[in-house]
Amino acid sequence: MTDKTDLRVPGLPVDLEELVIRLYERLLQKQKRNSLRTAFYESKNSLQVLGPEVGGRIGNIIHPVGWPAKAVDTLNNRCHLEGFVLPGSEDDPLGINDIYVLNDIQNQAPQASLSSLIHAVSFLITTKGAAGEPPAIITAKDALSGTGEWNGRIHRLSSFLSLLETDSDGNPLSMALYLPDRLAEMNRETAGSPWVIEIRDHDIGYVPVEPLVYKPRLGREFGSSRISRPVMAYTNSAMRTLLRSEVTAELYSIPQRVIMGADQSMFVDDKGQPTAAWEIIWGKLLGLPADENGNVPKMEQLTQATQEPHMAQLRSLAQMFSGETSIPATELGIHSDSNPASADAVYAHQGSLIATAETATGGWEPAWRKTMLTALKIANGASEIPAEWQGLRARFRNPAYESKAAAADAGLKTVQAFPWIAETDVGLELFFRDETLLERLKNERREIEARTTAGTLAGLSVSGEQANSLGQLIRSGVDPVEAARLVGIGDVRFTGAVPVSLRLPEKEASGLEIK
């Protein structure tokens, strides 16, 4: 791959060329460790054998262990982005749902969070769509092909380099440099051909890239990987343990024998060549002659080896891996002989994992929120992000429930405790997680309510405008009879009930209810 001294981009301003070289150097520095963690996630990491190599036909055995992928996937399954919420905007006038659907956020989001867990950070890039594309494009990029510089004062990236295309040797052929006011695109045909540069100004006002960081901390703004050094160490140990158990298994059915009174001449073939050790071990019949004194060699069979020491070590490693990742050991394939745990016990064991998921989604929410605000700004042609947009929030599924069924069951218990929630949109969201179905239900509910209201008013000589005005006056505290007179409605009998939002001192409230 090209090193920093070879990556020159003639035609770029000197300061931008130096920035590209600096960012590319950082990308190369991090790429080795990021590639290693990718290998662990994909169970392609090489086995590190301690001590002498296992010889013979068993030496080529590779026994992958999928624990790192389990650590990542189990957490990622509890970090599900469900959509975005803007309070006070029921009809979505800004087109939030269009941006969500057209950019396939439902599928991009879990992939972006997965890469964040593996490499500690991934990135969300927002750009203006070209002709025939959505007005705003949101693209997720992993840390293997993108990096940037963080400005802690403004809590944003000050620059970002995206590696778009490389040749078979890893040399960059296409790159994009994002700045607060410009976008520089660099392309070339081959590693030795000249760069074609295009610099375009933009009016976004900041770098339109948001880092999706897992476990950030002071001094390490791009976070830490879920596949930590202990995770990799325990995985290597488990691989070696399984390799040793394979060797034991190969020899398990072969009797281990000791021959006393034998000499080397008894273990040669017809040509006087020593017999291969494997032929002796695997031989079905072993015959030894007596010596010149008629003494026959004595053979004894040793007790066969057992797999239990290997399994005990594997259980110990699984427990340590469980402690590091907050994943129950049963998720790693290690089961005890005891009775299955109760639902409460399972939930208690998963408490640490749930807390980890809540921390992860809490850290990812601002990045998704800023990304959607940038997309809305581009799609609506806004020069600034209005104050009323600042209430936008990314909505994640409760990490305590991995499935829609579990979330709906929790919603049922909530509604049973607070029945009034069933009449709200939030109540519907507790049961129905599919956005399309949820929107259809809301629309049909509004149609039913409209038909009911129309049918009620049809039996009265009261217009919808008069009814709405009457309700507003009563909710404002006006006496119902006086309110009816003011809006021109006569001959109306009131039940005496008033909106519960109106509160009076207790000694006066009883008089208000008696009409």
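Residues numbered from 1 in each chain as written. Predicted model: local features only at pLDDT ≥ 70, side-chain atom pairs only at ≥ 80, totals over all residues. Heavy atoms only, no water.

Undergrad: Tell me about the packing of aromatic side chains, residues and numbers included.
TA: Given two aromatic rings, one states the distance between the centres and the angle between the planes to describe the pair. Evaluated as defined, the whole model comprises five aromatic pairs. Taking the centre distance of 5.3 Å and the plane angle of 50° together, the rings of W67 and F321 count as tilted. With W67 in helix α2 (residues 67-76) and F321 in helix α7 (residues 308-325), this pair connects stretches of sequence that are 254 residues apart. For W67, a relative accessible area of 8% puts it in the buried group. Taken together, a centroid distance of 5.9 Å and an interplanar angle of 85° make the contact between F123 and F222 edge-to-face. (Phe/Tyr/Trp six-rings, centres within 6.5 Å; stacked < 30°, edge-to-face > 60°. Helix = DSSP H or I, 4+ residues; strand = E, 2+ residues; numbered from the N terminus. Buried < 20%, exposed > 50% of the residue type's maximum accessible area, 1.4 Å probe, protein only.)

Undergrad: Mind laying out the nonpolar core, listing which residues take part and the relevant values?
TA: If you look at the biggest cluster of nonpolar residues, it comprises 57 residues, and the most contacted ones within it are W67, F84, W364 and W368. By residue number, the principal contributor to this core is helix α9 (residues 351-379), which donates eleven residues. Setting aside residues no more than four positions away along its own chain, F84 makes contact with I96, Y100, W368, R369, M372, L392, R393, A394 and R395. Counting 17 residues, the second largest nonpolar core, distinct from the first, contains Y24, M175, L177 and W195. (Core = buried A, V, L, I, M, F, W, Y, C linked by side-chain atoms within 4.5 Å. Contact = heavy atoms within 4.5 Å.)

Undergrad: Describe the sheet that holds strand β8 (residues 196-201), listing the residues and the values that go with them.
TA: Taken in spatial order, the five strands line up as β4-β5-β6-β7-β8 in an open sheet, and their pairing is antiparallel. The open sheet is flanked by β4 (146-151) and β8, the only strands paired with a single partner. In this sheet, neighbouring strand axes are inclined to one another by 10° on average, regardless of whether the strands run parallel or antiparallel. In this sheet, strand β5 (residues 156-166) lies alongside β4 in antiparallel orientation, the contact comprising six bridges. Note on β5: the bridge partner recorded for G148 is F160. (Pairing = 2+ DSSP bridges. Axes fitted to C-alpha atoms, helices over the stretch in contact; angles between N-to-C directions.)

Undergrad: Before we move on, could you go through the sheet that holds strand β9 (residues 209-213) and cite the residues and values that matter?
TA: By way of backbone hydrogen bonds, the strands of a sheet pair with one another, either parallel or antiparallel. Pairing within the open sheet is antiparallel, and its three strands lie in the order β3-β2-β9. On the outer flanks of this sheet lie β3 (136-142) and β9, each paired with one strand and no other. This sheet shows a mean twist of 20° between the axes of neighbouring strands, independent of strand direction. Against the sheet, α9 touches β2 (121-128), β3 and β9, its axis set at about 10° to β2.

Undergrad: Can you explain the environment of I137? Please cite residues and give values.
TA: Residue position: I137 is located in strand β3. For the pair I137 and T127, spaced ten residues apart in sequence, the C-alpha separation works out to 5.2 Å. Among residues more than four places away in sequence, those in contact with I137 are N103, I125, T126, T127 and G129.

Undergrad: Which residues make up a positive patch on the surface, and what values do they have?
TA: A cluster of basic residues, K30, K32, R33, K215, R217, R220 and R229, forms a positive patch on the protein surface. Here the positive patch gets three residues from one element, more than from any other, and that element is helix α1 (residues 14-41). Relative to the elements of secondary structure, R220 occurs in the loop between β9 and α5 (229-252). (Patch = residues over 30% accessible without salt bridge, like charges linked within 9 Å, V, L, I, M, F, W, Y side chains within 5 Å. Areas by Shrake-Rupley, 256 points an atom, 1.4 Å probe, with all protein chains shown as cover. Salt bridge = Lys/Arg side-chain N within 4 Å of Asp/Glu carboxyl O. Lys, Arg positive; Asp, Glu negative; His and termini not counted. Charge placed at Lys NZ, Arg CZ, Asp CG, Glu CD.)

Undergrad: Any chance you could break down unusual backbone geometry for me, citing the residues and the numbers?
TA: Even without being glycine, D104 reaches a positive phi, approximately 50°. Position of D104 relative to the elements: it lies in the loop between α3 (96-102) and α4 (105-119). Here the phi dihedral of H155 falls at roughly 55°; this positive angle occurs in a residue that is not glycine. Turning to its location among the elements, H155 is positioned in the loop between β4 and β5. Take H155: its relative accessible area is 47%, and that puts it in the partly exposed class.

Undergrad: Account for the side chain of S116, naming residues and giving values.
TA: You can see S116 is positioned in helix α4. Among all residues touching S116, those that are not within four sequence positions of it are V121, S122, L212, V213, Y214 and W364.

Undergrad: For the pairing of strand β7 (residues 182-187), give the residues involved together with the corresponding values.
TA: Strand direction decides the pairing type here: strand β6 (residues 172-178) and β7, joined by five bridges, are antiparallel. The residue bridging M175 from the neighbouring strand is M186, located in β7. Hairpin connection between β6 and β7: a loop of three residues separates the two successive antiparallel strands.

Undergrad: Just give me the short version of the side chain of S322, but keep the residues and values in it.
TA: By the element assignment, S322 lies in helix α7. At 2.4 Å, the side chain of S322 and the backbone oxygen of I327 are in polar contact. Every residue in contact with S322, bar those within four places of it in the chain, is listed here: I327, P328, A329 and L332. (Polar contact = N/O pair within 3.5 Å; in protein donor to acceptor, adjacent residues only side chain to side chain.)

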